[in-house]
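Fold and geometry: a report
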Amino acid sequence: MSVKYKFQDQQQLHFVTFAVVNWIDLFIRNEYKDILLASWRYCQLNKGLEIYGWCIMTSHVHMIIGSHGEKMEDILRDMKKHTSVALKAAIKNHPGESRSEWMLWMMERAGKKNSQNVNFQLWQQDNHPIELYDQKILYQKLDYIHNNPAVAGIVERPEDYLYSSARDYCGIPGLIEIILVDPMVY
């Protein structure tokens, strides 16, 4: 079994990316993004999740995480499982969701193709954890996360994007508690 995309050292910070199946643009509604934030808060309080950077894009999420509790792969597994159920219900019950039938069909189709699921899959299977073994890589990934919405043309400046920790790093209170990384000194 490959160890390329596994959490190796639980003491190190990791950059993770997880995406919706078929790269569906699920997170265009704030209600759906807020389900993720609520789950992260729960994991911070009850599982030891440490968040150093994050950004929710329309079809995927980037985070820099650590843990002072459970293993990071267990935290992400539980978070993805919980949010999959909560997001499925939110899609199904959202009165203005014109894409609900299509999205649920795509997710059911993905689940039926994957032997590790039972008829439904919201998240792609992997997280692609990358160990941040030095400061240079940590800051490169943090910049990548924060610049993602600007590069995508959603905002002009990274700190203008509400669903990102770029705000915290610019001194603007963000939507979720994070641990700030000390500024890099050149």
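Notes on the structure in this doc start here. Residue numbers run consecutively from 1 along every chain, following the written order of its sequence. Selection of residues for local features in this predicted model requires a pLDDT of at least 70, selection of side-chain atom pairs for listing and counting requires 80 or more, and totals for whole chains, interfaces and linings are taken over all residues. Side-chain figures throughout are based on the complete set of non-hydrogen atoms in the structure, without hydrogens or water.

1. Some words on the overall build of the protein
Each helix and strand counted, the protein has 5 helices and 4 strands in total. The way it works is that DSSP assigns letters per residue, a run of H or I at least four long becomes a helix, a run of E at least two long becomes a strand, and they are numbered from the N terminus. Reading the protein from its N terminus to its C terminus gives the helix and strand order β-α-β-β-α-α-β-α-α. Only C-alpha atoms enter the radius of gyration, while the globule expectation follows 2.2 Å times N to the 0.38, with N the number of residues. The C-alpha radius of gyration computed for the protein amounts to 16 Å, which stays within 12% of the reference 16 Å derived for 186 residues, consistent with globular compactness. Projecting the C-alpha coordinates of the protein onto the three principal axes gives extents of approximately 50 × 40 × 30 Å. Every one of the 186 residues in the protein was classed for burial, and the buried ones make up 49%. Note on contacts: a residue pair is in contact if any heavy atoms of the two residues lie within 4.5 Å. Partitioning the contacts of the protein with sequence separation of at least 6, the portion at a separation of at least 24 is 67%. Accessible area is worked out with a 1.4 Å probe on protein chains only. A residue is then buried under 20% of its type maximum, exposed over 50%, and partly exposed in between.

2. Here's the deal with helix α1 (residues 30-47)
A helix is expected to span 1.5 Å multiplied by its residue count minus one. With 18 residues, α1 should cover 26 Å at 1.5 Å per step; its first-to-last C-alpha distance of 25 Å lies within 8% of that length. Regarding α1, the residues found buried are Y32, K33, I35, L36, L37, S39, W40, C43, Q44 and K47. Taken together, the buried residues of α1 touch β2 (49-56), β3 (60-67) and α2 (72-93). Where α1 ends, the next residue or the one after it, G48, has phi of about 85 degrees, a positive value.

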